[in-house]
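Single-letter residue listing:
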Amino acid sequence: MFAKQCTSNKDVDCDALILGDDKLNRVNIPGSNLYTINIRKHDQKYSNNSPLIIMHQKQLFREHKILLLRKYAEVYMEQYEKASQDVQAYVENPINAYLLVKRLTTDWKEVRNLITTNTGEEFMADFDEHKGDLKFPSEEDLNGAAVALTRLQDTYELDTAALAKGEINGVKYATELTAADCFELGRQSYSNADHYHTQLWMMEADERLKREVNQSVERSEILEYLAFSTFKLGDVGLALDLTNKLLELIPTHERAIGNKVYYEDEIAKSNSVQRKGEDETVAILQNKTEARLAYEALCRGETTPSDKILAKLKCRYLDNGNPFLKIAPFKVEEAYAKPDILIFHDVMADDEIATIKALAQPRFQRATVQNFLTGALETAQYRISKSAWLKEIEHKHVADVVQRVEDMTGLTMETAEELQVVNYGIGGHYEPHYDFARREEPNAFHSLGTGNRIATVLFYMSDVAQGGATVFPYLDIALWPKKGAAAFWYNLHSSGEGDKMTRHAACPVLAGSKWVSNKWIHEAGQQFRRPCGLKRPPAEHTA
Ligand SMILES: O=C(O)CCC(=O)C(=O)O
Ligand SMILES: [Fe+2]
């Protein structure tokens, strides 16, 4: 008999079909729109409790379930086929990356629910047993994918509607998002208390929903999030309008009734409807500082140093007296002068890059940062990448590259850190920071006994399709990754004081994947070497 009553619109194996007039039973199908079935409660032929209608409904449920699973299978198969044409290219675009994680978290949960209701437990147990090492993404991964997408959207000023269409900067890369996909982005932003993006994505979900024949999400759910985030962003008037719309759909919605009273009171108190209009800039809504805005503009390639500064920069062959360099001099480009930021071209060969990637990949761990107060190493939102460390003895190619750093810089590698290999995926980044340890930082590099990080060599081991520049916000320069090139700069003044102008960042990767490796060179042993690798001693700054 029918015992279970539907409690939500996602509930499939329940009695909604005979309990509500014209009630729709809805299930979210990834990638396609929603599949809905609709049966009238008072079907002319059957009385409400006749065994016939019950059998009929049960039959319908089964068919419905099969249809839904078939639809899911089609969507997964279609995505699988698309992805397997070029796996790397598929995941190297942020929309696909987000969709893939969503399909394997939120949507997969629904598939499991569908399969397990009534009959499928055994099948799922079998599946779990045979999936072996296959790891499904977690809720945390879904949140990470959503945050990455909204970070990209912000930094690169990507239009929400275009992104939902699968477009990045005018290039169509990916499948379109459904209203439910947009809704999930809004929901993830909401769980991070990011009301700005909640509002953007819920608005987009609402827009998309209007155009969906088979609706992938309930409008009431969108309106509830949208109204609350709109209120949090300070627009009480609009929050009230949205709540009223929600109440038109569900007049008994308890939270909406409570919020309506609250919003009306707020408006009465302030004696006017506070609509924050066009004049309220996006930056204010997001609490962005001037420095943050400048950093993002630099990542977009919108700023450069003045012509006066640029005019002084040269490209040259480096000859520091090293006989080896007479035969094969380094090609050096000055990216900035005082402090000197140099780019060495063609200093890592393709086979070296391949070896270094292959050695690092199996050891990759999420990159850590040092806690400013405690000195402990921990993961942080402001540095998202995977990294591993390589020793010279591991492979001739590693040893050759390290020797090359010595030739390029004239500095000893005796006290340098191991070669750090880093891979940034979509949305991976490292926000503005210094490579040197500040005086206030306890224990920084203390255990190494080699002093502070005097200089950095950063090898680019890949090109990056979009985004991913290394930027220096105080110098207004952006270094665009070029496979085989390396950047070099001193982090310390010759006095040993940190050079504040060397603050730099890795901008988020927008499309593609970014590989770099760093050699951090330390103070100890450089007494007679600095600055023998470069003609000019590094400039002094007091900033
Ligand atoms: O990847 C980049 O562009 C910069 C990396 C960086 O600054 C670092 O690892 O310290
Ligand atoms: Fe750095």
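Values in this document were obtained by computation on a predicted structure and should not be read as measured data.

Student: Now, about unusual backbone geometry: what can you tell me, with residues and values included?
Tutor: Note that the residue after Lys 338, namely Pro 339, is joined by a cis bond; omega there is 0 degrees. As for its placement among the helices and strands, Pro 339 is situated in the loop between β6 (330-336) and β7 (341-345). Although it is not a glycine, Glu 157 adopts a positive phi angle of roughly 50 degrees. One non-glycine residue with positive phi stands out, namely Ala 193, at about 60 degrees. Structurally, Ala 193 can be placed in the loop between α8 (179-191) and α9 (195-211). With relative accessibility at 56%, the residue Ala 193 sits in the exposed group.

Student: Break down the nonpolar core for me, with residues and values.
Tutor: One broad rule of soluble globular proteins: the nonpolar side chains tend to lie buried together. Ranked by internal contacts, the top residues of the largest apolar core, which has 44 residues, are Tyr 98, Leu 177 and Val 471. If you list the elements that add at least two residues to this core, you get α4 (94-103), α6 (139-155), α7 (160-164), α8, α9, α10 (219-232), α11 (236-249) and α14 (290-299). Both of domain 1 (16-217) and domain 2 (303-522) provide at least three residues apiece to this core. Ignoring sequence-local partners within four residues, the contact set of Leu 177 consists of Ile 95, Tyr 98, Leu 99, Leu 163, Ala 164, Cys 182, Leu 185, Trp 201 and Arg 208.

Student: Tell me about the site of ligand 1, residues and numbers included.
Tutor: Surveying the vicinity of ligand 1 reveals 13 residues, the closest of which are Tyr 424, His 433, Thr 470, His 504 and Lys 514. Within the side chain of Asp 435, an N or O atom sits 3.1 Å from an oxygen atom of ligand 1. With respect to ligand 1, the side chain of Thr 470 contributes an N or O atom lying 2.5 Å from an oxygen atom. Counting atoms within 2 Å of the grid points, the majority share of ligand 1 lands in the largest cavity. Top element by residues in the shell around ligand 1 is strand β22 (residues 514-522). It accounts for four residues. For the shell around ligand 1, the class distribution of residues is six nonpolar, four polar and three charged.

Student: Can you break down the side chain of Ser 189 residue by residue, with the values?
Tutor: Tracing the sequence through the fold places Ser 189 in helix α8. Excluding its chain neighbours within four sequence positions, the residues that come into contact with Ser 189 are Thr 150, Asp 194, His 197 and Thr 198.

Student: Could you give me a rundown of the layout of surface pockets, with the residues and numbers involved?
Tutor: The volume enclosed by the largest pocket comes to roughly 1,400 Å³. Taken together, 37 residues line the largest pocket, and the ones lying closest to its centre are Val 101, Asp 141, Ala 145, Lys 386 and Ile 426. The set of elements that each furnish at least two residues to the lining of the largest pocket consists of α3 (87-91), α4, α6 and β13 (419-424). With ten residues, α6 is the largest single contributor of residues to the lining of the largest pocket. Of the residues in the lining of the largest pocket, the class split is 18 nonpolar, twelve polar and seven charged.

Student: Would you mind going over the packing of aromatic side chains in detail, with residue names and values included?
Tutor: Centre-to-centre distance and the angle between the planes together describe a pair of aromatic rings. As enumerated under the stated definition, the model contains 15 aromatic pairs in all. On the basis of an interplanar angle of 80 degrees and a centroid distance of 6.2 Å, the ring pair of Tyr 76 and Trp 108 is categorised as edge-to-face. A residue pair is termed long-range when its members are at least 10 positions apart, and Tyr 76 in helix α2 (residues 51-85) and Trp 108 in helix α5 (residues 106-130) qualify at 32 residues. On the basis of relative accessible area, Tyr 76 is assigned to the partly exposed category, the value being 21%. Where Phe 231 meets Tyr 262, the ring centres are 5.7 Å apart and the plane angle is 80 degrees; that geometry is what we call edge-to-face. With Phe 231 in helix α10 and Tyr 262 in helix α12 (residues 254-270), this residue pair connects regions lying 31 residues apart in the sequence.

Student: Tell me about the coordination of the iron ion (ligand 2), residues and numbers included.
Tutor: Bound to the iron ion (ligand 2) are the protein donor atoms His 433 (NE2), Asp 435 (OD) and His 504 (NE2), situated 2.1 Å from the metal. Positions of the donor residues of the iron ion (ligand 2), expressed as sequence spacing, correspond to H-x1-D-x68-H. Of this pair, Asp 435 sits in the loop between β14 (429-433) and β15 (453-460) while His 504 sits in strand β20 (residues 504-506); the two residues are 69 residues apart in sequence, bridging distant segments of the chain. An identical accessibility class is assigned to Asp 435 and His 504; each is buried.

Student: Could you give me a rundown of the pairing of β22, with the residues and numbers involved?
Tutor: Extensive coverage of β22 is indicated by the burial of nine of its nine residues. The side-chain alternation of β22 yields two buried faces, one formed by Lys 514, Val 516, Asn 518, Trp 520 and His 522 and the other by Trp 515, Ser 517, Lys 519 and Ile 521.

Student: Talk me through the state of the cysteines; I want residue IDs and the actual numbers.
Tutor: The final tally for this structure, using the stated rule, is one disulfide. Here Cys 299 pairs with Cys 507 through a disulfide, and the sulfurs are 2.0 Å apart. Since a negative S-S torsion denotes a left-handed disulfide, the Cys 299-Cys 507 link at about -85 degrees is left-handed. Of this pair, Cys 299 sits in helix α14 while Cys 507 sits in the loop between β20 and β21 (509-511), placing them 208 residues apart in sequence. Note on Cys 507: relative accessible area 1%, which makes it buried.

Quick notes on the rules
- Residues numbered from 1 in each chain as written.
- Chains lettered and ligands numbered in written order.
- Predicted model: local features only at pLDDT ≥ 70, side-chain atom pairs only at ≥ 80, totals over all residues.
- Heavy atoms only, no water.
- Helix = DSSP H or I, 4+ residues; strand = E, 2+ residues; numbered from the N terminus.
- Buried < 20%, exposed > 50% of the residue type's maximum accessible area, 1.4 Å probe, protein only.
- Core = buried A, V, L, I, M, F, W, Y, C linked by side-chain atoms within 4.5 Å.
- Domains from an automatic or database assignment.
- Contact = heavy atoms within 4.5 Å.
- Near = heavy atom within 4 Å.
- Polar contact = N/O pair within 3.5 Å; in protein donor to acceptor, adjacent residues only side chain to side chain.
- 1 Å grid on protein atoms, 1.4 Å probe; cavity = no way out; pocket = protein on both sides within 12 Å on 5 of 7 lines; lining within 4 Å.
- Sits in = over half its atoms within 2 Å of the grid points.
- Nonpolar A, V, L, I, M, F, W, Y, C, P; charged D, E, K, R; others polar.
- Points joined across faces, edges and corners; volume = space filled by probe spheres on them.
- Phe/Tyr/Trp six-rings, centres within 6.5 Å; stacked < 30°, edge-to-face > 60°.
- Donors = N, O, S within 2.8 Å, 3.2 Å for Na, K, Ca; no water.
- Disulfide = S-S within 2.5 Å.

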